[in-house]
Amino acid sequence: MRDLRGLRILIVEDEWTIAGDLARFFSNMGAIVLGPAATVEQASKHTEAAEAAILDVNLNGSRVFPIADELMRRGVPFVFFSGDNHIAIPDHLRYASNLRKSSGNQAVFNALFPQASGRPGPMLDTSDDVFALLPKLRLAARLLLGDVDASDRLVEKTLEQAIRDVDRRQLGQSTENWLNGIMREVAKTRGAKLMH
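Residues numbered from 1 in each chain as written. Predicted model: local features only at pLDDT ≥ 70, side-chain atom pairs only at ≥ 80, totals over all residues. Heavy atoms only, no water.

Details of the packing of helix H6 (residues 130-145) against helix H8 (residues 175-194)
At a closest axis distance of 10 Å, the pairing of H6 and H8 adopts a crossing angle of 40 degrees. Looking at the two axes, H6 sits oblique to H8. The way H6 lies across H8 gives a crossing that is right-handed. Contact with H6, carried on its side by Val130, Leu133, Lys136, Leu137, Ala140, Ala141, Leu144 and Leu145, involves Thr175, Glu176, Leu179, Asn180, Met183, Ala187, Gly191 and Leu194 of H8 and no other residues of that element. Class assignment for the residues of the contact of H6 with H8 results in eleven nonpolar, three polar and two charged. (Axes fitted to C-alpha atoms, helices over the stretch in contact; angles between N-to-C directions. Helix = DSSP H or I, 4+ residues; strand = E, 2+ residues; numbered from the N terminus. Parallel < 35°, antiparallel > 145°, perpendicular 65-115°, else oblique. Left-handed = near helix turned anticlockwise from the far one by under 90°. Contact = heavy atoms within 4.5 Å. Nonpolar A, V, L, I, M, F, W, Y, C, P; charged D, E, K, R; others polar.)

A few points about the packing of aromatic side chains
On inspection of all chains with the given rule, the structure shows three aromatic pairs. Ring geometry for Phe25 and Phe26: centres 5.1 Å apart, planes at 85 degrees, overall edge-to-face. This pair shows no difference in class: Phe25 is buried, exactly as Phe26 is. With 5.4 Å between their ring centres and 70 degrees between their planes, Phe78 and Phe80 make a pair best called edge-to-face. On the basis of relative accessibility, which here comes to 0%, the residue Phe78 falls in the buried class. Its relative accessible area of 0% is what places Phe80 among the buried residues. Here the aromatic cluster, defined as three or more aromatic residues joined through ring pairs, consists of Phe65, Phe78 and Phe80. (Phe/Tyr/Trp six-rings, centres within 6.5 Å; stacked < 30°, edge-to-face > 60°. Buried < 20%, exposed > 50% of the residue type's maximum accessible area, 1.4 Å probe, protein only.)

Notes on helix H4 (residues 105-112)
An α-helix turns once per 3.6 residues; consequently, residues spaced three or four apart project the same way. Most of H4 sits out of view: six of its eight residues are buried. Residues of H4 that are buried: Asn105, Val108, Phe109, Asn110, Ala111 and Leu112.

Points about the pattern of salt bridges
Enumeration according to the criterion identifies twelve salt bridges in this entry. Residue Glu160 is joined to Lys157 by a salt bridge in which the shortest nitrogen-to-oxygen separation is 3.7 Å. One end of the pair, Glu160, and the other, Lys157, are both in helix H7 (residues 148-165), three residues apart, so they sit about a helical turn from each other. A residue is classified by how much of its surface remains accessible, and Glu160, at 29% relative accessible area, is partly exposed. (Salt bridge = Lys/Arg side-chain N within 4 Å of Asp/Glu carboxyl O.)

Overview of the environment of Ile182
As for its placement among the helices and strands, Ile182 is situated in helix H8. In this structure, the C-alpha to C-alpha distance between Ile182 and Lys157, residues 25 residues apart in sequence, is 9.3 Å. For Ile182, the contacting residues outside a window of four places in its chain are Thr158, Gln161 and Ala162.

Comments concerning the sheet that holds strand E1 (residues 8-12)
The strands that make up a sheet are held in pairs by hydrogen bonds between backbone atoms, and each pair lies either parallel or antiparallel. Spatial ordering of the open sheet is given by E2-E1-E3-E6-E7, a layout of five strands whose pairing is parallel. The sheet is open, and its two borders are formed by strand E2 (32-37) and strand E7 (97-100), each paired with just one other strand. The average undirected angle you get between the axes of adjacent strands in this sheet is 20 degrees. Relative to strand E6 (residues 78-82), strand E3 (residues 52-55) runs parallel, the two being bridged by three bridges. Across the sheet, Ile54 pairs through a bridge with Val79, a residue of E6. Contacts between helix H3 (residues 65-74) and the sheet are confined to E1, E3 and E6, with E6 contributing the most and set at about 165 degrees to the helix. In the packing of H4 onto the sheet, contacts are made with E3, E6 and E7, and the angle to E6 comes to roughly 150 degrees. (Pairing = 2+ DSSP bridges.)

What follows is the structure in structure tokens.
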């Protein structure tokens, strides 16, 4: 299993069987589980510490969207995990993955950590909006280096290199793939220096 040692994952889920299963799955990868929280109020106590999140959309009739808004403001990746097809996701949150509860733990992992799963993730559109890609870049950096401060420095160095290399970008290449390629190269050549 992938090592997520020390990564703080918030689980917001009001069905305790599902919450416990998710908590065990991510704990076994080394993640620090925040919660599980069964209400918006409980979840709000953990949003400042969270580095990734799994959000049940319907919490006993309350919507989880205030938590999603706060996570989005902080640039924290999250996935909606719902058993209800009839809840409308607000337009400004439609970039996030929206999985059915029947999807299983591995699908949640793949949606939260698309670079680790080796598949392109559905979290964001592959647009030229670099700002919208920052949460995914930060998470990819964390998975590459395993250190929060070094990961932020890696994202910074990646963007600096992208500015220098913008004329060499391949025609038709998505911004996300281009930046991830640069990040892997920067991590390979300068990763050790970024850890200090």
